[in-house]
Amino acid sequence: GQQVMQIPQYQHVQEGEDFTTYCNSSTTLSNIQWYKQRPGGHPVFLIQLVKSGEVKKQKRLTFQFGEAKKNSSLHITATQTTDVGTYFCAGRRNNRKLIWGLGTSLAVNP
Amino acid sequence: EAGVAQSPRYKIIEKRQSVAFWCNPISGHATLYWYQQILGQGPKLLIQFQNNGVVDDSQLPKDRFSAERLKGVDSTLKIQPAKLEDSAVYLCASRTTRRETQYFGPGTRLLVL
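The structure displayed is predicted, hence computed values, not measured ones.

Regarding the overall build of chain A
Part 1: Regarding its fold elements, chain A presents zero helices and 11 strands.
Part 2: When the helices and strands of chain A are read in sequence order from the N terminus, they spell out β-β-β-β-β-β-β-β-β-β-β.
Part 3: For 110 residues, the compact-globule formula gives about 13 Å, and the C-alpha radius of gyration of chain A, at 13 Å, lands near that figure.
Part 4: The principal-axis extent of the C-alpha atoms belonging to chain A is close to 45 × 25 × 20 Å.
Part 5: Split into buried and exposed, the 110 residues of chain A put 47% on the buried side.
Part 6: Considering only intrachain contacts with a sequence separation of at least 6, the fraction spanning at least 24 residues in chain A is 53%.
Part 7: Working note: accessible area of chain A is about 5400 Å², and carbon and sulfur atoms make up 52% of it.
Part 8: Placing the 13 positive and 6 negative side-chain charges of chain A at their respective mean positions leaves the two points 14 Å apart.

Details of the packing of aromatic side chains
Part 1: Across all of its chains, the model carries 11 aromatic pairs over all chains by this definition.
Part 2: Measuring from ring centre to ring centre gives 5.7 Å for Trp100(A) and Tyr35(B), while their planes differ by 75°; the resulting arrangement is edge-to-face. Of this pair, Trp100(A) sits in strand β10 (residues 98-100) while Tyr35(B) sits in strand β4 (residues 31-37), placing the two residues on different chains. When sorted by exposure, Trp100(A) lands in the same class as Tyr35(B), which is buried.
Part 3: With a centroid separation of 5.4 Å and an interplanar angle of 40°, the aromatic rings of Tyr35(B) and Phe104(B) are classed as tilted.

Observations regarding the side chain of Glu100(B)
Part 1: Relative to the assigned elements, Glu100(B) resides in the loop between β9 (88-95) and β10 (103-104).
Part 2: At 3.4 Å, the side chain of Glu100(B) and the side chain of Gln33(A) are in polar contact.
Part 3: A distance of 2.9 Å separates a polar atom in the side chain of Glu100(B) from a polar atom in the side chain of Arg92(A).
Part 4: The contact partners of Glu100(B), leaving out residues within four places of it in the chain, are Asn31(A), Gln33(A), Tyr35(A), Gln48(A), Arg92(A), Arg96(A) and Arg95(B).

Examining the interface of chain B and chain A
Interface size is often expressed as the accessible area that is lost when the parts come together.
Part 1: Facing the 18 residues of chain B at the interface are 18 residues of chain A.
Part 2: Taken together, the two surfaces of chain B and chain A that pack against each other cover about 1400 Å², and 45% of this comes from carbon and sulfur.
Part 3: Interface area lost by chain B to chain A is led by Pro43(B), Glu100(B) and Phe104(B), which between them contribute 37%.
Part 4: Summed over the shared surface of chain B and chain A, the number is one salt bridge.
Part 5: Applying the counting rule to chain B against chain A returns eight residue pairs in polar contact (both at pLDDT 80 or more).
Part 6: Going through the elements one at a time, β4 and β9 of chain B are the ones with two or more residues in the side of chain B that touches chain A.
Part 7: A total of three residues in the side of chain B that touches chain A trace back to one element, the largest contributor, which is β4(B).
Part 8: Looking at side-chain class alone, the side of chain B that touches chain A contains six nonpolar, eight polar and four charged residues.

With respect to the nonpolar core
Part 1: Ranked by internal contacts, the top residues of the largest apolar core, which has 21 residues, are Phe21(B), Trp34(B), Leu77(B), Ile79(B), Tyr90(B) and Leu110(B).
Part 2: Elements represented by at least two residues in this core include exactly β3 (19-24), β4, β5 (44-50), β8 (75-79), β9 and β11 (108-112) of chain B.
Part 3: Not counting residues within four places of it along the chain, the set of residues in contact with Leu110(B) comprises Lys11(B), Ile13(B), Val19(B), Phe21(B), Ile79(B), Asp86(B), Ser87(B), Ala88(B) and Tyr90(B).
Part 4: By size, the runner-up hydrophobic cluster in this structure holds 20 residues, among which are Val4(A), Ile47(A), Leu49(A) and Tyr87(A).

Some words on the state of the cysteines
Residue and element names in this part refer to chain B.
Part 1: Scanning the entire structure with this criterion turns up two disulfides over all chains.
Part 2: Between the sulfur atoms of Cys23 and its disulfide mate Cys92 the distance is 1.9 Å. What sets the handedness of the Cys23 and Cys92 disulfide is the S-S torsion sign, and at about -70° it is left-handed. Residue Cys23 is located in strand β3, and its partner Cys92 is located in strand β9; the two are separated by 69 residues in the primary sequence. Across this residue pair, the class does not change: Cys23 and Cys92 are buried.

Structural notes on the environment of Thr86(A)
All names here are of chain A.
Part 1: Summarising the element assignment, Thr86 is placed in strand β9 (residues 85-92).
Part 2: For the pair Thr86 and Gln37, spaced 49 residues apart in sequence, the C-alpha separation works out to 5.1 Å.
Part 3: Setting aside residues no more than four positions away along its own chain, Thr86 makes contact with Tyr35, Lys36, Gln37, Gly103, Thr104 and Ser105.
Part 4: Engagement of the side chain of Thr86 in a polar contact is seen with the side chain of Ser105, the distance being 3.0 Å.

Reading the values: rules and limits
- Residues numbered from 1 in each chain as written.
- Chains lettered and ligands numbered in written order.
- Predicted model: local features only at pLDDT ≥ 70, side-chain atom pairs only at ≥ 80, totals over all residues.
- Heavy atoms only, no water.
- Helix = DSSP H or I, 4+ residues; strand = E, 2+ residues; numbered from the N terminus.
- Rg over C-alpha atoms; globule rule 2.2 N^0.38 Å.
- Buried < 20%, exposed > 50% of the residue type's maximum accessible area, 1.4 Å probe, protein only.
- Contact = heavy atoms within 4.5 Å.
- Areas by Shrake-Rupley, 256 points an atom, 1.4 Å probe, with all protein chains shown as cover.
- Lys, Arg positive; Asp, Glu negative; His and termini not counted.
- Charge placed at Lys NZ, Arg CZ, Asp CG, Glu CD.
- Phe/Tyr/Trp six-rings, centres within 6.5 Å; stacked < 30°, edge-to-face > 60°.
- Polar contact = N/O pair within 3.5 Å; in protein donor to acceptor, adjacent residues only side chain to side chain.
- Buried area = accessible area lost by both parts, 1.4 Å probe.
- Salt bridge = Lys/Arg side-chain N within 4 Å of Asp/Glu carboxyl O.
- Nonpolar A, V, L, I, M, F, W, Y, C, P; charged D, E, K, R; others polar.
- Core = buried A, V, L, I, M, F, W, Y, C linked by side-chain atoms within 4.5 Å.
- Disulfide = S-S within 2.5 Å.

Now the structure itself:
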């Protein structure tokens, strides 16, 4: 069954507002990846987190990996219409299997 | 660098018919994945190849789905016979053995009527 949970499933924000999506695993992960999928498009790799407590930034995007390596978050500051899409986390367990979350769909009102 | 190529981009078939999808990964990428993505869901791994060998096919419905990567480069995924619930986007992805980043193709959108 599903072992990587993502919340919320949907988020609707006004342009300029912040957005956060959370990813939680029932087991410790060796690493976690984040992907963005635009409507009608395919997943595009954003980042990979490996270390406990790791924080990485890409312009307005901030990614965190929890201390226990069981959860992660993606925070977007001051959303823009170009941020629209579905954000997926995918966690890798020690047996090398990559488990995908169901994604958080972000809609941004201009 | 050319990306992952997939064909066809769209396919409409009737249930019980057969269909095949083709994927050409990025040159030099030894690892190739086939995913099924049903509308509103995340990608579900169907099969993973390392060169021409199968690494993981635990979620492949083997009674109707088959995949091969005979020469360790291109791959084909076949469904025979198709069911209504097979309607989805079939994504191919590839990566090198040294890096975790997966590069996805544009996908094949399958509609089974």
